[in-house]
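Listed below are the residues making up each chain.
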Amino acid sequence: NAGVTQTPKFQVLKTGQSMTLQCAQDMNHNSMYWYRQDPGMGLRLIYYSASEGTTDKGEVPNGYNVSRLNKREFSLRLESAAPSQTSVYFCASSAISGGAPNEQFFGPGTRLTVL
Amino acid sequence: GNSVTQMEGPVTLSEEAFLTINCTYTATGYPSLFWYVQYPGEGLQLLLKATKADDKGSNKGFEATYRKETTSFHLEKGSVQVSDSAVYFCALSDLYGGTSYGKLTFGQGTILTVHP
C-alpha cells in the first residue's frame, strides 16, 4: 500500500516549457487535490476533483490544467511555465462520507523550479 | 471566505519545554479543524483533528481543543522532543450542504525547532 505517489520528485523547466505532474493513489479515495506550497503562505488549493469525472478550480488555478484520468490518477499540467510557478506541489486524496470531512493523505511533493 | 491565522514563527525551544502554537479561524457554518505536521523533505501528515465545538483532538502527546466562542484551535504539548522539529499547519474544512468535498484552507505554517 503506497498511499499517494507523485512523479517526478524534482524538475527544472525553462520559461515557456510545458510539463505534467503525475499523481496516483491506491486507497480507493473519491476526492483528489492539487496544492502548491510557497514560503510563508501555507498550502493553496489549485484544483480538486470531488469524484471521477469532475474537476473544479481552487484558489489559484490560473496557468494550470488538470485531468482526472480515472479514480486513481489526477494529473496537473503547466502549459507554459512561468517563474511564478516555482513552488513545491503536493497531491492529496480523501474518502468522502456524506456530511463529514475526512482526512486528506498527502504525497511527498514535487519541487519545481522555473528559470 | 474561510481563513486560518497561525502565530508567527519560527519557534525555537529547548527539549522538554512546553509548546503552544496559536491558531484562529474565520468560517461560516461549522467547520472541522485540523493540525498537520510536515517533517523535513516530506509531505504533510495529519496530527490531530476535531469536528465539533469543545472536541479535543490528541495524538503523540499533542492536544488541541475546538473553541467555537473564541474561534481558536491552539496546539499544545507539555514536553517537546528534538524529533518534534517540523512545520505545523492549522487547517479547516468546511461543509457544503450535506456533502463535503473535504477542501482544506491552511494557515501559513509555523516552523518549530527543538534543541537538545
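In what follows, the structure referred to is the one given above.
If you're wondering where the values come from, they're calculated on a predicted model, not measured in any experiment.

### Quick word on the sheet that holds strand β1 (residues 4–7) of chain A
Residues and elements named next belong to chain A.
In step 1: Strand order in the open sheet made by the 4 strands is β1-β3-β8-β7, with antiparallel pairing throughout. Where the open sheet ends on each side, the last strands, each with one partner, are β1 and β7 (64–68). Adjacent strand axes in the sheet meet at a mean angle of 20 degrees when their direction is disregarded.
In step 2: Relative to strand β3 (residues 19–25), β1 is paired through 4 bridges, and the arrangement is antiparallel. Paired with Thr5 across the bridge in β3 is Ala24.

### Quick word on the state of the cysteines
In step 1: The tally for this structure, following the rule as stated, stands at 2 disulfides over all chains.
In step 2: With a sulfur-sulfur separation of 1.9 Å, Cys23(A) is cross-linked through a disulfide to Cys91(A). The sign of the S-S torsion, about -70 degrees, decides the handedness of the disulfide formed by Cys23(A) and Cys91(A): left-handed. Of this pair, Cys23(A) sits in strand β3 while Cys91(A) sits in strand β9 (residues 87–94); the two residues are 68 residues apart in sequence, bridging distant segments of the chain. A single burial state applies to Cys23(A) and to Cys91(A), both of which are buried.
In step 3: Sulfur-sulfur distance for the disulfide between Cys23(B) and Cys90(B) comes to 2.0 Å. Sign of the S-S torsion, about -70 degrees for the bond between Cys23(B) and Cys90(B), identifies this disulfide as left-handed. Pair noted here: Cys23(B) is in strand β4 (residues 23–26) and Cys90(B) is in strand β10 (residues 86–93), with a separation of 67 residues, a long-range link.
In step 4: Taking relative accessible area as the criterion, Cys23(B) reaches 1% and is therefore assigned buried.

### A closer look at the side chain of His29(A)
Residues and elements named next belong to chain A.
In step 1: Its place among the elements puts His29 in the loop between β3 and β4 (31–37).
In step 2: Within the structure, the side chain of His29 is placed 2.8 Å from the side chain of Ser93, a separation counted as a polar contact.
In step 3: Setting aside residues no more than four positions away along its own chain, His29 makes contact with Arg68, Lys71, Ser93, Ser94, Ala95 and Phe105.

### Examining the environment of Thr7(A)
All names here are of chain A.
In step 1: Considering the arrangement of structural elements, one finds Thr7 in strand β1.
In step 2: For Thr7, a relative accessible area of 45% gives the class partly exposed.
In step 3: The contacts of Thr7, once residues within four sequence positions are left out, are Leu21, Gln22 and Thr110.

About the cut-offs
- Residues numbered from 1 in each chain as written.
- Chains lettered and ligands numbered in written order.
- Predicted model: local features only at pLDDT ≥ 70, side-chain atom pairs only at ≥ 80, totals over all residues.
- Heavy atoms only, no water.
- Pairing = 2+ DSSP bridges.
- Helix = DSSP H or I, 4+ residues; strand = E, 2+ residues; numbered from the N terminus.
- Axes fitted to C-alpha atoms, helices over the stretch in contact; angles between N-to-C directions.
- Disulfide = S-S within 2.5 Å.
- Buried < 20%, exposed > 50% of the residue type's maximum accessible area, 1.4 Å probe, protein only.
- Polar contact = N/O pair within 3.5 Å; in protein donor to acceptor, adjacent residues only side chain to side chain.
- Contact = heavy atoms within 4.5 Å.

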